[in-house]
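Below are the chains, spelled out letter by letter.
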Amino acid sequence: MQYFINVVLPIPLEKQFTYSISEEESQVLLAGMRVAVPFGKSKVYTGLVFSIHNNPPEIYEAKPIHQILDDSILVNQAQLKHWQWIADYYMCTLGEVFRSAIPSAFLLESETLILLNKQVEVDEKELKDDEFLVYEALQYQSMLRVHEVAAIIERKNTLPILNRLIAKGVIVLKEELYEQYRPKLVRYVKMGESYQSESELESLLDSLKRAPKQSQVILSLFQLEATSKNPIKVSELETNSGASRAIIKALIDKEILEEYFIRTDRVNYDKDGAATNLKDLNEFQEEALSEIRKSFENNKVALLHGVTSSGKTEVYVELIEECIKEGKQALYLLPEIALTTQLIGRLQDYFGEQVSVFHSKYNIQERVEVYNNVLVSKSKAQIVIGARSAMFLPFSNLGLIVVDEEHESSFKQFDPAPRYHARDSAIVLGNLHRSNIVLGSATPSIESYQNAKTKKYGYAQITRRFGNVLMPEMELVDIKEQHRKKRMKGHFSERLVDEINETLEVGEQIILFQNRRGFAPILECTTCGHSPQCPNCDVSLTYHQYKKQLRCHYCGHHIALPESCQACGSSTLDTKGFGTERVEQELKKLFPEVKVARMDLDTTRGKHAFEKIITSFEQQEVDILVGTQMVTKGLDFRNVSLVGIMNADSLLNFPDYRAHERSFQLLTQVAGRAGRTQKRGKVIIQTYNPYHQILRQVTSGDYEAMFKEQLYEREQFKYPPHNKIIQITFKHKDYNRLNEAAEWFAKGLRNTFRANVLGPEFPPVVRIRNQYIKHVLLKIPAGQSLAKTKSSIKRIEKSFNAVASFRSVRILYNVDHI
């Protein structure tokens, strides 16, 4: 009998590929194990076994697999079901989900090796100079990698030379799999076998009289062994004996010392002492907790709507405690890596080493270790806290999912596919595991609040801040009026400067929010009006003063700051607009004695960069923190009593149907950073339009009015939550071909869906990375089947791809576009 496996490959293929296996292999293999399989002419990929069966493929002959990579399953059945749902719902392939769902170290790539062809006599005279260099290198080395060839010929593009050498029969290529993950081994040392008795030790020390440093190492080793029962690390011995690594190596070479390695985890909890007791909840938190438990009893998702600083985290901690007592795993999802930094400490205080962290700032080796710990349900991975990718970990006994700040758009993945929403996908994951799910926010998304209103979700509310602290006092400052009266100092109104002075005098801290990084978005010549543009995208370059650079925030292209205008040669260059760098500079001029820190994408690139900034602000080493929306999300600073919003209008005037909802959420969240302990905080909002409806609702904290208004408008214009939307994006480097293709596709959609198709339309930035972009928006009414709609779109795509000139146009689907 023949045996076959269906394999998911980490590439965007619509179907799974079938490979043949032997009978012995069929008894070893299980769905969820990895295999190395040949694909195409010479590539070897890591595939995931999806199913094992006896049906040979009809279209092609099944190739045998290359090798089995696992002894046990790496991906469990619940994960495979979840992936399948994501692929179906978000209109992508299972391979794309596979690629983004597991740490890339598990996807062994094949590397091309270049070997000398021993069967052929090579005439060296026929070889060109660069070909001869490669040939000569292969005389001394058995094989070369592609990057080594590039270094030899001092050129990045090695393909033409390799092709010429293959054509001449000088070299052959071989594909080899290589493992990316390497376990961390710590080097330990002990006395050699032949020096265990006292007499042998005496004679050894006598023989080392002429080598005092070596004898010092031996004596230090005795002292360490006497005081500690643990194995002795080489680094520890180095420090204690004051000897260099070379001396210890000489003793190891002489077999006086013996070295050995112990495998250790990269991710360790390093605090001492017992876990802190949980805080007592106040009456409002207790009430919310009992409402959440009622929702869980009715198998409903619970929405916790608690004002900023109301102690939602303590409620989650209580729920996690209950979950852990039942021996189940808990997942805590957050939108921002900055937030995880603060929360890790708090959760570790309560739960000690049961907390694991998983996000993209961790290196690939650390992520593999967390993945493996969750897979085998280790006690150190009982609670997982992380950004959206933590949802893909291999939970086997998931009891609770907490999605904090559930309204955040950072939960939505934009590029590459799958373009999933972590909140919605986590709810599906929770249903697969039959676990409890709680969503929390001070400003819930309109969809979640609507679900709570229609009783689809349970609902719990905390209306008071913890410790009965008053909500911050909010004040709108009309900067149009301030400019007219010449009362502005740079981008600071007189009112804001006064408040900053008062706050600094009493030794309290300040957060200033400006939702744009860099110094200024536009550098303009005042003589001819020219401003430098990005050559790859249709945007002006942003001026970064710190690096004296003009930089594109879309593709990363950057140039040095020009001395004069590139168009007319005039040196009269001026900046328009302002970013966080500009705010930081103006603050230093206005308050030279004050310590200012900045928190945006430019200052938080390293793994521990968030932690350093947040810790220094918490410990009051910094007086004023300037930041983009990173500073708005759930951070808890005890000594902040003033928050300044530099310009609220840039949020409100955004071309997006969610602009007003987002502005309300962002402004409320940033205001919530003020006055979180005893004293009432203050928020100053600078705007050109203080009579705007949303700003009025923010200052009065009227979420209900904003919700009703937005719901009514969206009902009128057929937007979520009443309708679902799918955004279809077309990309191509040829402007005319893109227009033609997008029109053709939109026409096909209109024939099927009539009036519910918007576009094709260019976005605000028409070209990014030399690719022109066009969008079509499809609105799907509540009664219309989503599955049938998607299959109709796929049918149109098939006809679209049958047109030869359209095949090179990329189509991207974004379901539930936000």
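Residues numbered from 1 in each chain as written. Predicted model: local features only at pLDDT ≥ 70, side-chain atom pairs only at ≥ 80, totals over all residues. Heavy atoms only, no water.

(A) Highlighting the packing of aromatic side chains. One pass over the structure, following the stated rule, counts 27 aromatic pairs. Summarising the aromatic geometry, the rings of Phe730 and Phe800 are spaced 6.3 Å apart at their centres and angled 50° between planes, so their arrangement reads as tilted. Placement of Phe730 in strand β33 (residues 724–732) and of Phe800 in helix α26 (residues 786–802) is noted, with a sequence separation of 70 residues between them. Classification of Phe800 by relative accessible area gives buried; the value is 0%. Taken together through their ring pairs, the aromatic side chains of Phe17, Tyr19, Phe39, Tyr45 and Tyr60 make up a single cluster. Its guanidinium or amino end placed over the ring of Tyr719, Lys779 lies 4.1 Å from that ring's centre, counting from NZ or CZ. A cation sits over an aromatic face here: Lys790 above Tyr89, 4.1 Å from the ring centre. (Phe/Tyr/Trp six-rings, centres within 6.5 Å; stacked < 30°, edge-to-face > 60°. Helix = DSSP H or I, 4+ residues; strand = E, 2+ residues; numbered from the N terminus. Buried < 20%, exposed > 50% of the residue type's maximum accessible area, 1.4 Å probe, protein only. Lys NZ or Arg CZ within 6 Å of the ring centre and 35° of its normal.)

(B) Highlighting the packing of helix α2 (residues 77–89) against helix α15 (residues 422–433). It is at 10 Å that the axes of α2 and α15 come closest, and there the two elements cross at 145°. For the pair α2 and α15, the sense of crossing is right-handed. Here α2 contributes Ala78, Lys81, His82, Trp85 and Ile86 to the contact with α15, which in turn contributes Asp424, Ser425, Val428, Leu429, Leu432 and His433. Broken down by class, the residue content of the contact of α2 with α15 amounts to six nonpolar, three polar and two charged. (Axes fitted to C-alpha atoms, helices over the stretch in contact; angles between N-to-C directions. Left-handed = near helix turned anticlockwise from the far one by under 90°. Contact = heavy atoms within 4.5 Å. Nonpolar A, V, L, I, M, F, W, Y, C, P; charged D, E, K, R; others polar.)

(C) Broad picture of the state of the cysteines. Applying the stated rule across the entire model yields zero disulfides. Here Cys534 stays unpaired: no disulfide links it, and the sulfur of Cys555, its closest cysteine neighbor, is 3.6 Å away. Residue classification places Cys534 among the buried residues on the basis of a relative accessible area of 3%. In this structure Cys537 is a free cysteine whose sulfur lies 3.8 Å from that of Cys555, the closest cysteine sulfur available. On the basis of relative accessible area, Cys537 is assigned to the buried category, the value being 1%. (Disulfide = S-S within 2.5 Å.)

(D) Up close: the environment of Gln365. Tracing the backbone through its elements, the reader meets Gln365 in helix α14 (residues 364–375). Counting along the chain gives 262 residues from Gln365 to Pro103, while the straight-line C-alpha distance between them is 8.8 Å.

(E) Highlighting the sheet that holds strand β17 (residues 398–404). Taken in spatial order, the seven strands make up an open sheet running β15-β16-β14-β17-β18-β13-β19, and their pairing is parallel. The two strands at the open ends of the sheet, each matched to only one other strand, are β15 (355–358) and β19 (458–462). Sheet twist, expressed as the average angle between the axes of neighbouring strands with direction ignored, equals 20°. Relative to β17, strand β14 (residues 329–333) is paired through five bridges, and the arrangement is parallel. Across the sheet, Leu333 pairs through a bridge with Val403, a residue of β17. Sheet strands in contact with α14 are β14, β15 and β16 (383–386), and its direction is about 135° off that of β15. (Pairing = 2+ DSSP bridges.)

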